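# Coordinate analysis (summary)
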Amino acid sequence: MKILGIETSCDETAAAVVQDGREILSNLIASQVDIHSRYGGIVPEVASRQHLLTTIPIIQQAMAQAQALWSDLDAIAVTIGPGLAGSLLVGVNIAKAIALAQGLPLLGINHLEGHIYANWLIHSGRYDPEKPAGFFSDELRRDITKRTVRKKAPDLPAICLIVSGGHTDLLLMRGHGDYLPLGRTRDDAAGEAFDKVARILGLGYPGGPAIEQTANDGNSALYRLPRAWLKDTDDFSFSGLKTATLRLVTDLSKERKKGLPLERTTPRLEDTQSEVETHLEKSEKADIAASFQEAVVDVLVTKTVAAAKRLGAHQILLGGGVASNRLLRHTMAERSPIPVLLPSPILCTDNAAMIASCGYFHLKAGKISGWDLDVMPNLRLT
Ligand code: KG4
Ligand code: ZN
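The present account deals with the structure reproduced in this document.

Turning next to the packing of aromatic side chains. Throughout the structure, instances matching the rule amount to six aromatic pairs. Taken together, a centroid distance of 5.2 Å and an interplanar angle of 80 degrees make the contact between Phe194 and Phe292 edge-to-face. With Phe194 in helix H5 (residues 190-200) and Phe292 in helix H9 (residues 282-311), this pair connects stretches of sequence that are 98 residues apart. Members of the aromatic cluster, connected to one another through ring pairs, are Tyr117, Trp120, Tyr360 and Phe361. Residue placement shows Lys303 over the ring face of Phe236; its charged tip is 5.8 Å from the ring centre.

As structure tokens, then:
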């Protein structure tokens, strides 16, 4: 069974064809990051207009790379939320048009549930996860042969940690479509904290990969940043850590700029990057990035492993952009007594293969959407 997945919830236009919910036949992602980085963050109107330009070409290329005809497809799966309304509308309308024209079932998918289903995906001969095909790159036209990696499907019940730019959710997955919410962030999402701290340090957007790279040269033991444990709950909180990091940067900047008026030495969240940049040494930024990253990872891993033990989960499944962070992947695998499933980094960040995979299990369960399918920008998983 072949399903075309379409994902336009944020700043990535993506299309993929997945067979039987698991085997990736194609997985194309056109990132808008270069466009939005000029503004230091995502501009919603720019994002939707970019999706309008890119979605149909990227679908055509996903179909071509999968060597699939419209008549080979069994359904169209599309993200309906959470995300930016204007961006979601582009994908949903195009999905409806294709489903209507081809007489195919339409499957509206929750983006967060999609992130979990990245754990079901396996790479087939025609798809190379190391070479994510960018729409504007020639790479996508290359047919890279790679041996199929046969992986067993996840073993349920499993603890799922979804860590993205907008969400930090911990839940117990008991079966397909059966989720027990355990905890979520009470303020900033993990990815959001990475993005904000990267801004404080003048590292640009998106912050997660920039912090990770900068932290490589840093000493994480130099600054002890706070961890919010929120004892006896599975909830998270990252705003205190963000504020403590800002205070640390402020103090170090003051040291550098002794003698100047205070307002010129005190960085604030709204400051331009260069304002802060000039105040800190490269090595100081690396040490702060490393200490921050370690604090986030420590809390995510400790709470996830504790929940897994308490609830007798068989596995831990990670998903969402922050799950591509190497320290998180490494630490989770090291500290967990049960197997940890780690989708390849390109399947952690936004993609359409995870939407197609999730769609397959919806189709099997008979969860087919009507033509009145609407976008749900604030959709939650549970
Ligand atoms: O899942 P995703 O691609 O989009 C959303 O659904 O939000 O996640 C994007 C988030 C951003 O906040 C980005 O900074 C973060 O994931 N991220 C990372 C890394 N790569 C992406 N955070 C930490 N380390 C990374 N390597
Ligand atoms: Zn996402």
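Here the focus is the environment of Ser48. Secondary-structure assignment places Ser48 in helix H2 (residues 44-65). Residue Ser48 is classed as buried on the basis of its relative accessible area, which comes to 15%. With sequence-adjacent residues up to four places away left out, Ser48 is seen in contact with Gly86, Ser87 and Val90.

What follows covers the pattern of salt bridges. All chains considered together, the criterion is met by 11 salt bridges. Through salt bridges with shared partners, a single ionic network connects Asp188, Glu192, Lys196 and Lys242.

Now for the coordination of the zinc ion (ligand 2). Around the zinc ion (ligand 2), the protein supplies His111 (NE2), His115 (NE2) and Asp350 (OD) as donor atoms, at distances of 2.0 to 2.1 Å. Sequence positions of the donors to the zinc ion (ligand 2) reduce to the motif H-x3-H-x234-D. Of this pair, His115 sits in helix H4 (residues 111-117) while Asp350 sits in the loop between helix H11 (345-348) and helix H12 (353-364), and the two are 235 residues apart along the sequence.

Viewed as axis vectors pointing N to C, H2 and helix H3 (residues 85-102) meet at an angle of 25 degrees, and their least axial separation amounts to 8 Å. Judged on the interaxial angle alone, H3 and H2 are roughly parallel. In this structure, H2 meets H3 at a crossing whose hand is right-handed. In contact with Pro44, Ala47, Ser48, His51, Leu52, Thr55, Ile56 and Ile59 of H2, H3 contributes Gly86, Ser87, Val90, Ile94 and Ile98.

Basis of the calculations
- Residues numbered from 1 in each chain as written.
- Chains lettered and ligands numbered in written order.
- Predicted model: local features only at pLDDT ≥ 70, side-chain atom pairs only at ≥ 80, totals over all residues.
- Heavy atoms only, no water.
- Phe/Tyr/Trp six-rings, centres within 6.5 Å; stacked < 30°, edge-to-face > 60°.
- Helix = DSSP H or I, 4+ residues; strand = E, 2+ residues; numbered from the N terminus.
- Lys NZ or Arg CZ within 6 Å of the ring centre and 35° of its normal.
- Buried < 20%, exposed > 50% of the residue type's maximum accessible area, 1.4 Å probe, protein only.
- Contact = heavy atoms within 4.5 Å.
- Salt bridge = Lys/Arg side-chain N within 4 Å of Asp/Glu carboxyl O.
- Donors = N, O, S within 2.8 Å, 3.2 Å for Na, K, Ca; no water.
- Axes fitted to C-alpha atoms, helices over the stretch in contact; angles between N-to-C directions.
- Parallel < 35°, antiparallel > 145°, perpendicular 65-115°, else oblique.
- Left-handed = near helix turned anticlockwise from the far one by under 90°.

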